[in-house]
Amino acid sequence: MEETVRDAISAPDAEGVPRRTTRRFPLFTRDTARPEGGGRAAPGDAPAPARQWPILAVLGVVGLGLLLTAFDAFRYGTLLIGCALVAGAVLRWVLPDVGMLAVRSRFTDIVTYGGLGLAIVLLALMVQPHPWLQIPFLKDTLHFTVSST
């Protein structure tokens, strides 16, 4: 049975196989491309946890941060969570293969992990009462947007 091609194709190549001329996705997807850097972080004969050590390290630190937060050390816990995400961005940047830490392209992963981690760290530093980081224009902005008149 001959397979019907339903999108634009060019003339057959030397082997007689039609070649695609469009950049649109095919009608049926046969598989999914792995993200760059999505290979094993350790040799294939290593046990599963050793092959996925980058994501296990990040998740372990995030879990410790959540545990600290649950035991009423909110600022330290959220700082640890943010630092874990920033460390995930650094691992994604430095290591050629990071296993399941690679979700999207390298650039997108670095920007996502780093941006969210930095935002969490900044918010943890500014949490009330007694913030460790005070940004003067934020207080002025709040008074400008919420007026009593």
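Our structure is the block above this text.
The structure displayed is predicted, hence computed values, not measured ones.

Asks: Looking at this model, I keep getting lost on the nonpolar core. Mind explaining?
Replies: In globular proteins that are soluble, nonpolar side chains generally tend to be buried together. One finds Ile-55, Val-58, Val-62, Ile-81, Ala-84, Leu-85, Ala-89, Leu-91, Val-98, Leu-101, Ala-102 and Tyr-113 forming the largest nonpolar core, which totals 12 residues. Counting residues per element, the ones that place at least two in this core are helix 2 (53-70) and helix 3 (74-94). Take this core: its biggest share by element is five residues, from helix 3. Once residues within four sequence positions are removed from consideration, Ile-55 is found in contact with Met-100 and Leu-101.

Asks: Please clarify how a nonpolar patch on the surface should be interpreted in this entry.
Replies: Taken together, the side chains of Leu-64, Leu-67, Leu-68, Phe-71, Tyr-76 and Trp-132 define a hydrophobic patch exposed on the protein surface, amounting to about 670 Å² of accessible area. If you tally residues by element for the nonpolar patch, the top one is helix 2, at three residues. Relative to the helices and strands, Trp-132 resides in the loop between helix 4 (106-126) and helix 5 (136-145). Look at Trp-132 and you get partly exposed, because its relative accessible area is 46%.

Asks: How do you make sense of the layout of surface pockets when you look at a structure like this?
Replies: Regions of empty space are outlined by a rolling probe, equal in size to a water molecule, passed over the atoms. Estimates place the volume of the second largest pocket at around 220 Å³. Lining the second largest pocket are Met-126, Gln-128, Pro-131, Leu-133, Gln-134, Ile-135, Pro-136, Leu-138 and Lys-139. Looking at the lining of the second largest pocket element by element, the count peaks at three residues for helix 5.

Asks: Which parts of the structure should I look at to understand the environment of Leu-59?
Replies: Inspection of the secondary structure assignment puts Leu-59 in helix 2. Considered as a pair, Leu-59 and Leu-101 are 42 residues apart in the sequence and their alpha carbons are 9.9 Å apart.

Asks: Just to check I follow, could you spell out unusual backbone geometry for this structure?
Replies: Across the chain, the bulk of peptide bonds are trans and the bulk of non-glycine residues have phi less than zero. Between Gln-128 and Pro-129 the backbone carries a cis peptide bond, its omega angle lying at -5°. Its location among the elements puts Pro-129 in the loop between helix 4 and helix 5. Positive phi values are uncommon outside glycine, yet Asp-72 reaches one of about 70°. Counting through the fold element by element, Asp-72 comes out in the loop between helix 2 and helix 3. Here Asp-72 falls in the exposed class, since its relative accessible area comes to 72%. The phi dihedral of His-130 is positive, around 55°, even though this residue is not glycine. Within the element layout of this structure, His-130 appears in the loop between helix 4 and helix 5.

Asks: What am I meant to see in the pattern of salt bridges here?
Replies: Here the idea is simple: oppositely charged side chains can pair when their charged atoms come close. Across all of its chains, the model carries two salt bridges by this definition. A salt bridge links Asp-109 to Arg-92; the nearest nitrogen and oxygen atoms lie 2.8 Å apart. Of this pair, Asp-109 sits in helix 4 while Arg-92 sits in helix 3, and the two are 17 residues apart along the sequence. Pair check on accessibility: Asp-109 and Arg-92 agree, each one buried.

Asks: It is not clear to me how helix 4 should be interpreted in this structure. Could you clarify?
Replies: For an α-helix, 3.6 residues make a turn, and residues three or four places apart therefore share a direction. In a regular helix each residue adds 1.5 Å, so 21 residues correspond to 30 Å; helix 4 covers 30 Å between its end C-alpha atoms and thus fits that length. The complete set of buried residues in helix 4 reads Arg-106, Asp-109, Tyr-113, Gly-114, Gly-117, Val-121 and Ala-124. An end-on view of helix 4 places all buried positions within 105° of arc, on one side of the element. With respect to the buried face of helix 4, the exposed residues turned more than 90 degrees away are Phe-107, Leu-116 and Leu-123. Those residues of helix 4 hidden inside the fold are in contact with helix 3.

Conventions and cut-offs
Per-chain numbering applies: the sequence of each chain, read as written, is numbered from 1 onward. Note on the predicted model: pLDDT of at least 70 is required for a residue's local features to be given, and 80 or more for side-chain atom pairs to be given and counted; whole-chain, interface and lining totals, by contrast, use all residues. As a rule here, side-chain values cover all heavy atoms of the structure and leave hydrogens and water aside. Residue types Ala, Val, Leu, Ile, Met, Phe, Trp, Tyr and Cys, when buried and joined through side-chain atoms within 4.5 Å, form a set referred to as a nonpolar core. Burial classes: relative accessible area under 20% of the type maximum marks a residue as buried, over 50% as exposed, and values in between as partly exposed (1.4 Å probe, protein chains only). The helix and strand labels rest on DSSP assignments: H or I over at least four residues marks a helix, E over at least two residues marks a strand, and numbering proceeds from the N terminus. A contact between two residues is defined here by any heavy atoms of the two lying within 4.5 Å. Patch membership is restricted to residues that have no salt bridge and whose relative accessible area is over 30%. Joining uses 9 Å for like charges and 5 Å for the nonpolar side chains Val, Leu, Ile, Met, Phe, Trp and Tyr. The Shrake-Rupley method, run with a 1.4 Å probe, gives the accessible areas here. Residue values count only the displayed protein chains as cover. Note on definitions: salt bridges are taken to be side-chain nitrogens of Lys or Arg within 4 Å of carboxyl oxygens of Asp or Glu. Only protein atoms enter the 1 Å grid used here, on which a cavity is any set of points holding a 1.4 Å probe that cannot leave and a pocket is any open set flanked by protein within 12 Å on both sides along at least five of seven lines; residues with an atom within 4 Å of a point are listed as lining. Grid points are joined across faces, edges and corners, and a volume is the space filled by probe spheres set on the points. Any helix carries an expected span of 1.5 Å times its number of residues minus one. Taking the helix axis as origin, the arc is that swept by the directions to the C-beta atoms.

Spatial relationships are all this shows, so hold off on functional conclusions.
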